Amino acid sequence: MVSASDAALLQARALALLRRNVHQGHDPYLGRLYAYVCPSRRRYHWQWFWDSCFHAIALSRLDLDLAQRELLNLVSVQESDGFIGHVTHWGRRPILPIWGYLQSRLGLRPHHTALVQPPVLAYAAWRVFQAGEDTAFLKEIIPHLNLYYRWLAEHRDPDGDGLVSIITPYESGLDHSPAYDAMLHIRRVRPSRVITELRLRWLDAWHLVLSPNYNLDRILAWDRFVVEDVLFNCIYAEGLWRLGELDRAAGQHEQAGRWEDLAQRVEAAILSKCHDPATGLYFNLEGRAERRQRVLTVTALFPLILKTLPRARAEEIVRHLTDANEFWLPYPVPSVARSDPSFDPARTRFLWRGPTWLNTNWFLMRGLRLHGYAELAQTIAQGSAELVLREGFREYFNPLTGQGLGARGFGWSTLVVDML
Ligand code: GLC
């Protein structure tokens, strides 16, 4: 049981960490000042899209001014068509690492990649707005939000079913997740790091060869890696509902109605197309043919955050979540179920193939609360807080032993302050 004084300690440490991770300065190429919280001072230097959203959510409880600035800095590089890259490279950068070029439009110093990450932005903005009811902040951010979600809907839904598609595993946020192995022709359940990296970079390189400008029509038409990802789309749907609320708060009722209709459509598509009746779980859809994947990862549980998830469907998910052979391990919730052959609880520098991450715990906890599983939600919240108290703000944790792994001083693990 995490006591009130432990909770206060976590808050103080979280705030200190997020402030320590601030990078600021002047970007000579964009000709402007910047300030953002990097995910980890040693390992992740740039501004990452969904990390920033998580930082802002934690900060909405700790330092509202910094929370607002985090999101405004993120949207400040938005293209005129609405796009925002999954990594923004701020500051002096003589050259980028090679993958920075492979994931960006051709250029000497691309200021952001041409990829996206799960769209946590509207939810984060909603939380930051809720925390202060600051209408000046709302007025400043809302045009960016409307433009961003319009971009997603217009450019990432080639078959018009409401579900948006990703074009590389990096866009899912779960880089090396075994869910994508088959599409990358990775056949071993414990692949080598080198092979996996090569296959991923190869895909990026092909995109660039197909279109140096990352023209999505060409990339989507190629249909080599186009995935309607469950986790991405659940977060998209949640964002659309919150965007509707923000538009209403800004007096834009018609726009709000359009987002709510879309949110409904996205949820209905997830519930009908991704649902696997045999297991009651939800799987990503591959390519134009929409083949359903079968790998049992934490993604399969994500519809728990959907507003319109029927009670019986929630029960099905909770059955798997609480199954000790699948997700209910000593330190839940693992990124891959124990029953899946690819489950690998400890391998470091190989991401999302077993360990427990706090951002996914945070989503699942909220989903459980939303559907009336308060006690289970509390167990996940307490377990997450205990992990951080014992191991620090690590990037991820061994679900069997609780050992902290990956980067230290990792930004989004501060989400625990939002779980207590
Ligand atoms: C890893 C994660 C990704 C995260 C990034 C920065 O690439 O897979 O989700 O955004 O690190 O923390």
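Data block above holds the structure.
Attention here is on the structure that accompanies the text. Small disclaimer: the values here were computed from a predicted structure and weren't measured. (Residues numbered from 1 in each chain as written. Predicted model: local features only at pLDDT ≥ 70, side-chain atom pairs only at ≥ 80, totals over all residues. Heavy atoms only, no water.)

1. A short note on the overall build of the protein chain
Okay, step 1: Within the protein chain, the regular secondary structure consists of 14 helices and 11 strands.
Okay, step 2: Taken along its principal axes, the extent of the C-alpha atoms in the protein chain is 55 × 50 × 45 Å.
Okay, step 3: Of all 420 residues assigned to the protein chain, the portion counted as buried reaches 61%.
Okay, step 4: Counting only contacts in the protein chain whose residues sit at least 6 apart along the sequence, the fraction spanning at least 24 positions is 68%. (Helix = DSSP H or I, 4+ residues; strand = E, 2+ residues; numbered from the N terminus. Buried < 20%, exposed > 50% of the residue type's maximum accessible area, 1.4 Å probe, protein only. Contact = heavy atoms within 4.5 Å.)

2. Quick notes on the environment of S172
Okay, step 1: One can find S172 in helix α7 (residues 169–172).
Okay, step 2: When its relative accessible area of 0% is taken as the criterion, S172 is described as buried.
Okay, step 3: Placed 105 residues apart in sequence, S172 and P277 show a C-alpha to C-alpha distance of 24 Å.
Okay, step 4: A distance of 2.6 Å separates the side chain of S172 from the backbone oxygen of P169, its partner in a polar contact. (Polar contact = N/O pair within 3.5 Å; in protein donor to acceptor, adjacent residues only side chain to side chain.)

3. Brief notes about the site of the ligand
Okay, step 1: Around the ligand lies a shell formed by P39, Y44, W48, W50, D51, Q117, G173, D175, L351, W352, F410 and W412.
Okay, step 2: D51 places a polar side-chain atom, nitrogen or oxygen, 2.6 Å from an oxygen atom of the ligand.
Okay, step 3: A distance of 2.6 Å is found between an oxygen atom of the ligand and a side-chain nitrogen or oxygen belonging to D175.
Okay, step 4: Taking 300 Å² as the accessible area of the ligand by itself, protein coverage stands at 96%.
Okay, step 5: In this structure the site holding the ligand corresponds to the largest pocket. (Near = heavy atom within 4 Å. Areas by Shrake-Rupley, 256 points an atom, 1.4 Å probe, with all protein chains shown as cover. 1 Å grid on protein atoms, 1.4 Å probe; cavity = no way out; pocket = protein on both sides within 12 Å on 5 of 7 lines; lining within 4 Å. Sits in = over half its atoms within 2 Å of the grid points.)

4. As for the packing of aromatic side chains
Okay, step 1: In the structure shown here, the tally under the stated rule is 25 aromatic pairs.
Okay, step 2: Note on F54 and F363: the rings are 5.9 Å apart at their centroids and 75° apart in plane angle, and the pair reads as edge-to-face. In this pair, F54 sits in helix α2 (residues 49–59) while F363 sits in helix α13 (residues 358–370), placing the two residues 309 residues apart along the sequence. Pair check on accessibility: F54 and F363 agree, each one buried.
Okay, step 3: Considering the side-chain rings of F410 and W412, the 5.0 Å spacing of their centres and the 75° angle between planes classify their relative orientation as edge-to-face. (Phe/Tyr/Trp six-rings, centres within 6.5 Å; stacked < 30°, edge-to-face > 60°.)

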